[in-house]
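An overview of the molecular structure
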Amino acid sequence: MPTEADLKQDKAANAVQARQVIDLFHEISTLLNADLDRQTLSICVSLIENGVNPEALAVCNLSFDWKKTETVVRELKKDAVETRREIEERDG
């Protein structure tokens, strides 16, 4: 059975890995002039991880001006946090 220290170490490693993924996506976004900030990319990744169709999400990104939809982004972030919390509670 993993100790509390092991769990904290795993959580820290996961956070570092997630940051690296978002940094890589941000670099790609910048190279493609997609105008997506790290927060938006993080939300998109979370949505995809939770079952949102990536192609549909791409269409939304092309259709909307994300800078004008800050409220939507905030709500999506809240939903992603809630979903993550629910998953963590369910999985223990």
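Remember, predicted model here, so these are calculated numbers, not experimental data.

Among the surface-exposed residues, Val 21, Leu 24, Phe 25, Ile 28, Leu 31 and Leu 32 lie close enough to one another that they form a single nonpolar patch of about 580 Å² accessible area. The topology assignment puts Leu 24 in helix H1 (residues 4–31). Given the relative accessible area of 47%, Leu 24 is considered partly exposed.

Across the protein, the average pLDDT comes to 81, with 86% of residues at or above 70. Taken element by element, the protein is modelled with least confidence in helix H3 (residues 54–63), mean pLDDT 74, and with most confidence in helix H2 (residues 38–49), mean pLDDT 87.

Where like charges cluster on the molecular surface, the negative patch consists of Asp 79, Glu 82, Glu 86, Glu 88 and Glu 89. With respect to the secondary-structure elements, Glu 88 resides in helix H4 (residues 70–91). Overall, Glu 88 belongs to the partly exposed group, its relative accessible area being 44%.

A word on the side chain of Ser 29. Structurally, Ser 29 can be placed in helix H1. Excluding its chain neighbours within four sequence positions, the residues that come into contact with Ser 29 are Ala 34, Asp 35, Leu 36 and Leu 41.

Turning next to the side chain of His 26. Tracing the sequence through the fold places His 26 in helix H1. Within the structure, the side chain of His 26 is placed 3.2 Å from the side chain of Arg 38, a separation counted as a polar contact.

Compared with an ideal rise of 1.5 Å per residue, which puts 12 residues at 16 Å, H2 spans 16 Å between its outermost C-alpha atoms and is within 8% of the ideal. Among the residues of H2, Thr 40, Leu 41, Ile 43, Cys 44, Val 45, Ser 46 and Leu 47 are the ones counted as buried. Looking at where H2 begins, the residue whose side-chain oxygen comes 3.3 Å from the main-chain nitrogen of Gln 39 is Asp 37. Gly 51 occupies a position one or two residues after H2 and carries a positive phi of about 105°.

Basis of the calculations
Residues numbered from 1 in each chain as written. Predicted model: local features only at pLDDT ≥ 70, side-chain atom pairs only at ≥ 80, totals over all residues. Heavy atoms only, no water. Patch = residues over 30% accessible without salt bridge, like charges linked within 9 Å, V, L, I, M, F, W, Y side chains within 5 Å. Areas by Shrake-Rupley, 256 points an atom, 1.4 Å probe, with all protein chains shown as cover. Salt bridge = Lys/Arg side-chain N within 4 Å of Asp/Glu carboxyl O. Helix = DSSP H or I, 4+ residues; strand = E, 2+ residues; numbered from the N terminus. Buried < 20%, exposed > 50% of the residue type's maximum accessible area, 1.4 Å probe, protein only. pLDDT = per-residue confidence, 0-100. Lys, Arg positive; Asp, Glu negative; His and termini not counted. Charge placed at Lys NZ, Arg CZ, Asp CG, Glu CD. Contact = heavy atoms within 4.5 Å. Polar contact = N/O pair within 3.5 Å; in protein donor to acceptor, adjacent residues only side chain to side chain. Expected span 1.5 Å × (residues − 1).

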